[in-house]
Amino acid sequence: MNYLLRIAWRNIIRNRRRSLMTASAIAAGALAMLLFLGYTTYIFLGMETGYVQGTGHLRVFRAGYFLYGTGNAAAYGIDQYQDTLRLFADDPVLRPMIRVITPMQSLMGIAANYEGNNAASRTFLGEGLIPSARNAMRRWDEYGIGEVAAPDERMADADPTRGLIGTGLARILNLCAPLGLPDCPPAPAAPASPASPAPDEAAVVHTDIAQLAEQDALAAPRGAASAPRIDLLAATVGGAPNIVSLAVSGAQPQGAKELDDAFVLMHLDLAQQLVYGRSEHKATAIVLQLQRTEDMPAARARLNALIREHHLDLEVRDFGELVPFYGQVVRMFSGIFLFIALVMGMIVLFAVINTMTMNVMERTNEIGAIRAMGLRRSQVRLQFVAEGALIGLIGATVGALLSVIVAAAVNHAGLTWIPPGNNVAVPLYLNVLGRPALACGAWLALVLVATVAALLPANRAARLSVVDALRHA
């Protein structure tokens, strides 16, 4: 075997110009494949990190909520959710996997701002959660691809009246100036309309809502006194209207305009007060953030086992089901990577076939000489296959090393881009070694393509007989 490799190496060196061009084509293919692989790996890991920080790995809902509950979240609340939460948190199998476990309440209603001359209102989609649990979830960074989020002090466990809204909702409710939001133009004056209520009628409506808010709103602490306030109106689980007052501590973009124009984030206690009033407080979901994403199948299986064992009317969903956009992006970029791999494979295939065919044509006399010395056809074939494999190995290895160097240069260049589902520019990072199995597979695939491509010229060389070689000479 060593003799065969030495002969193959000498033949490559002897035809160094042609071998260099072929190896360069293979290296270019490996470079393109691995750089795109690093780009897509960063996209996948970055999106996964963002979604896990926001929604957790798994969520436990009441059965039927995922398909039907978003229209009436209060009707699909988890009864005695605190007992269920303790059941999951204290389970000896789940406990080592869980990083954060917390309840969450979804709700929808009407958000209104009646302060000032321009009263405004809009339907909202809200989430109620525990601020300390949210801060802990935002620090999850298993892959180390970004900065760990600092604790958000705009919400606190001890102050249930404070919350956040989307920047679009802040603009609609005329809160740009009170919140100090940049690039937020003031609303134009609304034209007079015959259908508009009379001033005295509008004043009556304003007074009624203000009185209802005073009756049911929680007492605001001193720290929230200076924050602008909005009124949130929703129907309780019994169908009665309920209203609470929310002190808006700030606004944050949500990435999608539809969500940004309607999003409200509040304390779990305030959300439950709005949805359930004085009745039993429930939770829409129990959120589980795991230590590692690879534990998600095992954790989900254990949750389902506990649900069946205790006869609970619950179901488990992962973040991929909750955010279908993630799966769509993964499938799209995986398809693009497969297309690039096929194109590069075809380039390598024809480059190696062309090089080895020229070698066979130029070395006909040599083939006849070694055949006259007693070398078998299979040995001749193996010699040319070894040359193709060696060229592929050299080219793919050089391409892999270049991809690491280029990725390191890009990562230190400070380039930025806006990833899918985000509206803020982030540093561009090429994580070439993020998926080592796939990277090694791409490298090995190019070597195998070069080896297979050498078979056709090798078979042609093996079919030459001594007489054919001498006749050619």
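Above this text sits the structure in question.
Engineer: So what exactly am I meant to see when it comes to the overall build of the protein here?
Structural biologist: Scanning the protein for helices and strands turns up 18 helices and 11 strands. Within the protein, the fraction of its 473 residues that count as buried is 45%.

Engineer: Looking at this structure, how should I read the nonpolar core?
Structural biologist: Most often, soluble globular proteins keep nonpolar side chains buried together rather than apart. Ranked by size, the top nonpolar core spans 78 residues in total, and within it Val 60, Phe 88, Leu 303, Val 352 and Phe 384 carry the most contacts. When residues in this core are grouped by element, the largest group, 15 residues, is from helix 2 (residues 16–55). Excluding its chain neighbours within four sequence positions, the residues that come into contact with Val 352 are Thr 22, Ile 26, Ala 450, Ala 453 and Ala 454. Residues Ala 120, Ile 165, Ile 230 and Val 248 belong to the second largest nonpolar core, which totals 28 residues.

Engineer: How do you make sense of the pairing of strand 3 (residues 120–129) when you look at a structure like this?
Structural biologist: Side-chain direction in a regular strand flips from residue to residue, so the side chains alternate between the two faces of the sheet. Across nine bridges, strand 2 (residues 98–113) lies against strand 3 in antiparallel orientation. Bridging from a neighbouring strand, Ser 106 pairs with Glu 127 of strand 3. Here strand 3 pairs with strand 7 (residues 263–267) via five bridges, running parallel. Bridged to Glu 127 within strand 7 is Leu 265.

Engineer: Is there a simple way to think about the packing of aromatic side chains in this case?
Structural biologist: Aromatic ring pairs are described here by two measures, namely the spacing of the ring centres and the angle between the planes. Going through the model one piece at a time under the given rule, you end up with 10 aromatic pairs. Judged by centre distance (6.3 Å) and plane angle (75°), the ring pair of Tyr 39 and Phe 333 falls under edge-to-face. Residue Tyr 39 is located in helix 2, and its partner Phe 333 is located in helix 13 (residues 324–362); the two are separated by 294 residues in the primary sequence. Accessibility expressed as a relative area gives 10% for Phe 333, which makes it buried.

Engineer: When you look at the pattern of salt bridges in this model, what are you seeing that I'm missing?
Structural biologist: Scanning all chains against the criterion turns up 15 salt bridges. For Arg 134, the salt bridge identified is with Asp 152, shortest N-O distance 3.2 Å. In this pair, Arg 134 sits in helix 5 (residues 131–138) while Asp 152 sits in the loop between helix 5 and strand 4 (162–166), placing the two residues 18 residues apart along the sequence. In this structure, Asp 152 engages Arg 154 in a salt bridge whose closest nitrogen and oxygen atoms are separated by 3.0 Å. Note on Asp 152: relative accessible area 8%, which makes it buried. Looking at Arg 154, the relative accessible area reads 28%, which means it is partly exposed. Each of Arg 300, Glu 315, Arg 317, Asp 318 and Glu 321 takes part in salt bridges that share partners, so that together they form one network.

Engineer: For this particular structure, what's the right way to read helix 1 (residues 2–14)?
Structural biologist: Residues three or four positions apart in an α-helix share a direction because the helix packs 3.6 residues into each turn. Along its 13 residues, helix 1 runs 18 Å from first to last C-alpha, staying within 8% of the 18 Å computed at 1.5 Å per residue. Taken residue by residue, helix 1 has Leu 4, Ile 7, Ala 8, Asn 11 and Ile 12 as its buried positions. Looking straight down helix 1, one finds its buried side chains confined to an arc of 140°; they lie on one side. Pointing more than 90 degrees away from the buried face of helix 1 are the exposed residues Asn 2, Tyr 3 and Arg 10. Those residues of helix 1 that are buried are in contact with helix 2, helix 14 (364–372) and helix 15 (377–411).

Engineer: Can you help me understand the environment of Arg 62 in this one?
Structural biologist: Its place among the elements puts Arg 62 in strand 1 (residues 58–62). On the basis of relative accessibility, which here comes to 27%, the residue Arg 62 falls in the partly exposed class. In the structure, Arg 62 is positioned 223 residues away from Ala 285 in sequence and 7.5 Å away in space, judged by C-alpha atoms. Leaving out residues up to four positions away in the same chain, Arg 62 has contacts with Ala 75, Tyr 76, Gly 77, Ile 78, Thr 284, Asp 313, Leu 314 and Glu 315.

Engineer: Explain helix 17 (residues 455–463) to me, please; I cannot follow it from the model alone.
Structural biologist: The set of residues buried in helix 17 consists of Pro 457, Ala 458, Ala 461 and Ala 462. With its buried residues spanning 140° around the axis, helix 17 presents them on a single face. Residues of helix 17 that are exposed and angled more than 90 degrees away from the buried face: Leu 456 and Arg 463.

Engineer: I would appreciate a short explanation of a nonpolar patch on the surface in the present structure.
Structural biologist: Together, Met 108, Leu 125 and Leu 259 line one region of the surface with nonpolar side chains, adding up to about 250 Å² of accessible area. Relative to the helices and strands, Leu 125 resides in strand 3.

Engineer: Would you mind going over the side chain of Ser 19 with me for this structure?
Structural biologist: Relative to the helices and strands, Ser 19 is located in helix 2. The buried category is assigned to Ser 19, whose relative accessible area is 6%. The residues touching Ser 19, leaving out its near neighbours within four places in the chain, are Ile 12 and Ile 391.

Engineer: Would you explain the side chain of His 57 in this entry?
Structural biologist: Position of His 57 among the secondary structure elements: in the loop between helix 2 and strand 1. His 57 sits in the buried class, given a relative accessible area of 0%. A polar side-chain atom of His 57 sits 2.9 Å from the main-chain amide nitrogen of Leu 290.

Parameters at a glance
- Residues numbered from 1 in each chain as written.
- Predicted model: local features only at pLDDT ≥ 70, side-chain atom pairs only at ≥ 80, totals over all residues.
- Heavy atoms only, no water.
- Helix = DSSP H or I, 4+ residues; strand = E, 2+ residues; numbered from the N terminus.
- Buried < 20%, exposed > 50% of the residue type's maximum accessible area, 1.4 Å probe, protein only.
- Core = buried A, V, L, I, M, F, W, Y, C linked by side-chain atoms within 4.5 Å.
- Contact = heavy atoms within 4.5 Å.
- Pairing = 2+ DSSP bridges.
- Phe/Tyr/Trp six-rings, centres within 6.5 Å; stacked < 30°, edge-to-face > 60°.
- Salt bridge = Lys/Arg side-chain N within 4 Å of Asp/Glu carboxyl O.
- Expected span 1.5 Å × (residues − 1).
- Arc of directions from axis to C-beta.
- Patch = residues over 30% accessible without salt bridge, like charges linked within 9 Å, V, L, I, M, F, W, Y side chains within 5 Å.
- Areas by Shrake-Rupley, 256 points an atom, 1.4 Å probe, with all protein chains shown as cover.
- Polar contact = N/O pair within 3.5 Å; in protein donor to acceptor, adjacent residues only side chain to side chain.

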